[in-house]
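# Observations on the model geometry
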Amino acid sequence: MAGVSTKEIKNRIRSMESTRQITKAMEMVAASKLRKAQEQVLSSRPYFEMLYSTMNDIVDSTRDFSSPYLGQRKGNKTLHIVIAGDRGLAGGYNSNVLKLAMSEMAEQEVTTLPIGKKAAEFFKYKEIASLEMNYADAASVTLGDCFSIAKEICKLFRNRSFDRVYLSYTNFVTVLSQEPACIRLLPLLRTKTERDGKMQSDVVYEPDEATVFDAIVPEYLGGVLYGALCESRASEQAARRTAMDSATKNADEMIDDLSLRFNRARQAAITQEITEIVAGSQ
Amino acid sequence: MNTFPLRIVTPDGVRFDGDAEELIVRTTSGDIGIMAGHINYVAPLGMGQATVLAEGNKRYGACIGGMVSVVDGAVTLVATTFEWSEDIDIDRANASKKRGEEVLSDKNASDADIMLAKARIKRALVRSGVAGQRKLY
């Protein structure tokens, strides 16, 4: 029983306690950041829903125009935008989205655009080509940045540097569940098949469909990017909060366990001492 | 006056959600006014002042980028940025204009920089113009 010295156990308890303090603090920081991020997600959702549905309406309801953004291309050059976090210690947040991105990228001619330090480091380590755009810091990317990225992507897509553009990010479902997702941004495809008569749209586009469409596409991409970024940020904080919460709980458990062992060892030492004294006095 | 449901949404949140009598907004092909019973319509937005007439009151906003759509009588203004005249930070707009002008006066500025600076000045002018409107009534 007295095999482990009380001093050793005491040292371990002390180190566990300081770890617990750190995880507890990180959990609280994440919780307060999560609240802000969640608000941002909620306030921006109506915007994207509107943008998305109008976009689809135009794509689906009109047949008599062509656009560089519309229709499948033969080439295989892909741009993959990956949004991850800047820091670790967020449970499976970073690895989940990076894993998904890697599986989506398989057997394609891929260039990445990483957003977030973890994503940038990962692709550097894997030696996958990435666009240098200085958006490594996910926390500091603003709405304006999203629109300039979108404009840049549109330009690259139009001059055929890329034939496809994908985006991997993490969907913020609830505080307890976040799902990595991969969506195709470009080219845009018609989702509905031809249904004559019904397809004829009665919407007035000014000046005309193609112009409206080409003007809205960069807007749409910027919007989607910003939305994905908001979702990812909220997911990161939520994942970190959950991870740190369970780390704190584990630390608590270990401290309890070690305290018990410490008390037993101390008791054993005292008992032994008494036995020795009694034996000596006889 | 007849009213129609109007929603003004931006990435920062919903700016207006209710019934309006008239909406005047600047599209890329010029100002348009929308009243109740408008035909289904979609147009991309330019940079300019938006006027909303609701419950007899006129409100002005600086509206930059995005699009306006009318679907079955419901009007949605999806704007990249939209600020009501009372929310506009004039000092910021003026500072932004000054920064833009500095770039324009710099002979070594690149074309991309000049384009950005011009857009910046335009936005600042729209904002300060709209902010000035509120004093008129």
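Residues numbered from 1 in each chain as written. Chains lettered and ligands numbered in written order. Predicted model: local features only at pLDDT ≥ 70, side-chain atom pairs only at ≥ 80, totals over all residues. Heavy atoms only, no water.

### Examining the overall build of chain A
Going by this rule: Strands are runs of DSSP state E lasting at least 2 residues, helices are runs of H or I lasting at least 4, and numbering of each runs from the N terminus. For the radius of gyration, the atom set is restricted to C-alpha positions; the globular benchmark scales as 2.2 Å times the number of residues to the power 0.38. Contacts between residues were defined by any pair of non-hydrogen atoms, one from each residue, lying within 4.5 Å.
Counting its regular elements, chain A contains five helices and five strands. Mapped from its N terminus to its C terminus, chain A presents α and β elements in the order α-β-α-β-α-α-β-β-β-α. Relative to its length of 282 residues, chain A is extended, with a C-alpha radius of gyration of 28 Å against a globular reference of 19 Å. Projected onto its principal axes, the C-alpha coordinates of chain A cover approximately 110 × 35 × 35 Å. Sequence-distant contacts, at least 24 apart, represent 78% of the contacts inside chain A between residues at least 6 apart.

### Side note on the domain arrangement of chain A
Residue and element names in this part refer to chain A. This is how it is decided: The domain boundaries here were taken from an automatic or database domain assignment. Throughout, the accessible surface (probe 1.4 Å) given up by two parts as they are put together, summed over both, is called the buried area. Whenever Lys or Arg places a side-chain nitrogen within 4 Å of a carboxyl oxygen from Asp or Glu, that contact is recorded as a salt bridge. For the purposes of these results, a polar contact is taken to be a pair of N or O atoms within 3.5 Å, where, inside protein, one atom must be able to donate a hydrogen and its partner to accept one; residues adjacent in sequence count only when each atom of the pair is a side-chain atom. Polarity classes work like this: nonpolar for Ala, Val, Leu, Ile, Met, Phe, Trp, Tyr, Cys and Pro, charged for Asp, Glu, Lys and Arg, and polar for all others, with Gly in that last group.
Taken as a whole, chain A is organised into domain 1 (6–27 + 242–281) and domain 2 (44–191 + 200–241). Interface of domain 1 and domain 2: buried area, both sides summed, is about 580 Å²; carbon and sulfur atoms make up 56% of it. When the buried area of domain 1 at its contact with domain 2 is split by residue, M26, T242 and M244 rank highest and sum to 69% of it. Inspection of the region where domain 1 meets domain 2 yields zero salt bridges. One can count nine residue pairs in polar contact (both at pLDDT 80 or more) joining domain 1 with domain 2. Elements with a contribution of two residues or more to the side of domain 1 that touches domain 2: helix 1 (6–61) and helix 5 (209–281). Here the side of domain 1 that touches domain 2 gets four residues from one element, more than from any other, and that element is helix 5. Across the side of domain 1 that touches domain 2, the residue classes tally to three nonpolar, one polar and two charged.

### Let's talk about the interface of chain B and chain A
Inclusion rule: Only strands joined by at least two bridges in the DSSP assignment are considered to pair.
If you look at the interface, chain B gives 23 residues, while chain A gives 21 residues. Together chain B and chain A conceal approximately 1800 Å² of surface at their shared face, both sides included; 69% is due to carbon and sulfur atoms. The three residues of chain B that bury the most area against chain A are P11, V42 and M67 of chain B, which together make up 31% of that side's buried surface. Where chain B packs against chain A, one counts zero salt bridges. Across the contact surface, chain B and chain A share eight residue pairs in polar contact (both at pLDDT 80 or more). Each residue belonging to the side of chain B that touches chain A can be placed in one class, and the counts come to twelve nonpolar, nine polar and two charged. In this sheet, strand 5 (residues 41–44) of chain B lies alongside strand 5 (residues 204–205) of chain A in parallel orientation, the contact comprising two bridges. The residue of strand 5 of chain B that forms the bridge with V204 of chain A is Y41 of chain B.

### Comments concerning a positive patch on the surface
Residues and elements named next belong to chain A. In plain terms, the rule: Two joining distances apply to patches: 9 Å for like charges and 5 Å for nonpolar side chains (Val, Leu, Ile, Met, Phe, Trp, Tyr), and every residue must have over 30% relative accessible area and no salt bridge. We get accessible surface area from the Shrake-Rupley algorithm with a probe of 1.4 Å; when it comes to residues, only the shown protein chains can shield them. Under this rule, positive means Lys or Arg and negative means Asp or Glu; His and the chain ends count for nothing. Where a charge lies is defined by one atom per residue type, namely NZ (Lys), CZ (Arg), CG (Asp) and CD (Glu). Accessibility here uses a 1.4 Å probe with only protein chains present; expressed as a share of the type maximum, an area under 20% marks a residue as buried, one over 50% as exposed, and anything in between as partly exposed.
Together, K33, K36, R87 and K117 make up a region of like positive charge exposed at the surface. Along the chain, K36 falls in helix 1. The exposed category is assigned to K36, whose relative accessible area is 63%.

### Examining the packing of helix 4 (residues 143–158) of chain A against helix 5 of chain A
Residues and elements named next belong to chain A. The condition that has to hold: Axis definition: a line fitted to C-alpha atoms, over the contacting stretch in the case of helices. Angles run 0 to 180 degrees between N-to-C directions. Orientation labels follow simple angle bins: below 35 degrees gives roughly parallel, above 145 gives roughly antiparallel, 65 to 115 gives roughly perpendicular, and whatever is left gives oblique. Definitions for this section: a left-handed crossing has its near helix turned counterclockwise from the far helix by less than a right angle. A right-handed crossing has that turn clockwise.
One can describe the packing of helix 4 onto helix 5 by two numbers: an axis separation of 8 Å at closest approach and a directional angle of 130 degrees. With respect to helix 5, the element helix 4 is oriented oblique. Of the two elements, helix 4 crosses helix 5, and the hand of that crossing is right-handed. When helix 4 is examined against helix 5, the residues L143, C146, F147, I149, A150, I153 and C154 are found in contact with a partner set consisting of V217, P218, E219, L221, G222, G223, L225, Y226 and L229. Grouping the constituent residues of the contact of helix 4 with helix 5 by class yields 13 nonpolar, two polar and one charged.

### Observations concerning unusual backbone geometry
Trans peptide bonds make up most of the peptide bonds, and negative phi angles are found at most residues other than glycine. All names here are of chain A. Following L186, the chain continues to P187 via a peptide bond in cis, the omega torsion being -5 degrees. In this structure, P187 sits in the loop between strand 4 (178–186) and strand 5. Cis geometry is found at the peptide bond from E206 to P207, where omega equals 0 degrees. Mapping P207 onto the fold places it in the loop between strand 5 and helix 5.

### Quick word on helix 1 (residues 90–105) of chain B
All names here are of chain B. Heads up, the condition is: A helix's residues, less one, multiplied by 1.5 Å, set its expected span. The arc in question is the one spanned by the directions pointing from the helix axis to the C-beta atoms.
Between its terminal C-alpha atoms helix 1 stretches 22 Å, which fits the 22 Å expected from 16 residues at 1.5 Å a residue. Residues of helix 1 that are buried: A93, S96 and G100. Take helix 1 and look down its axis: the buried residues cluster within an arc of 65 degrees, on one side only. Those residues of helix 1 that are exposed and aimed more than 90 degrees away from the buried face are D91, K98, E102 and S105. Structurally, the start of helix 1 carries an N-cap: the backbone nitrogen of D91 is 3.3 Å from a side-chain oxygen of D89.

### Description of the confidence of the model for chain B
Cut-off, in case you're wondering: Each residue gets a pLDDT score, which is the predictor's confidence in that residue and runs from 0 to 100.
Confidence in the prediction for chain B averages 86 pLDDT; 96% of positions are at 70 or higher. Here the prediction assigns the complex a pTM of 0.81, and the interface score ipTM is 0.74.

### Some points on the sheet that holds strand 3 (residues 164–172) of chain A
Residues and elements named next belong to chain A. If you walk across this open sheet you meet the four strands as 2-1-3-4, and the pairing is mixed. At either end of the open sheet lies a strand with only one pairing partner, and these are strand 2 (109–115) and strand 4. Neighbour-to-neighbour, the strand axes of the sheet open up by a mean angle of 20 degrees, direction not taken into account. Where strand 3 lies against strand 4, eight bridges are found, and the strand directions are antiparallel. Looking at strand 4, one finds that S168 is bridged to C182.

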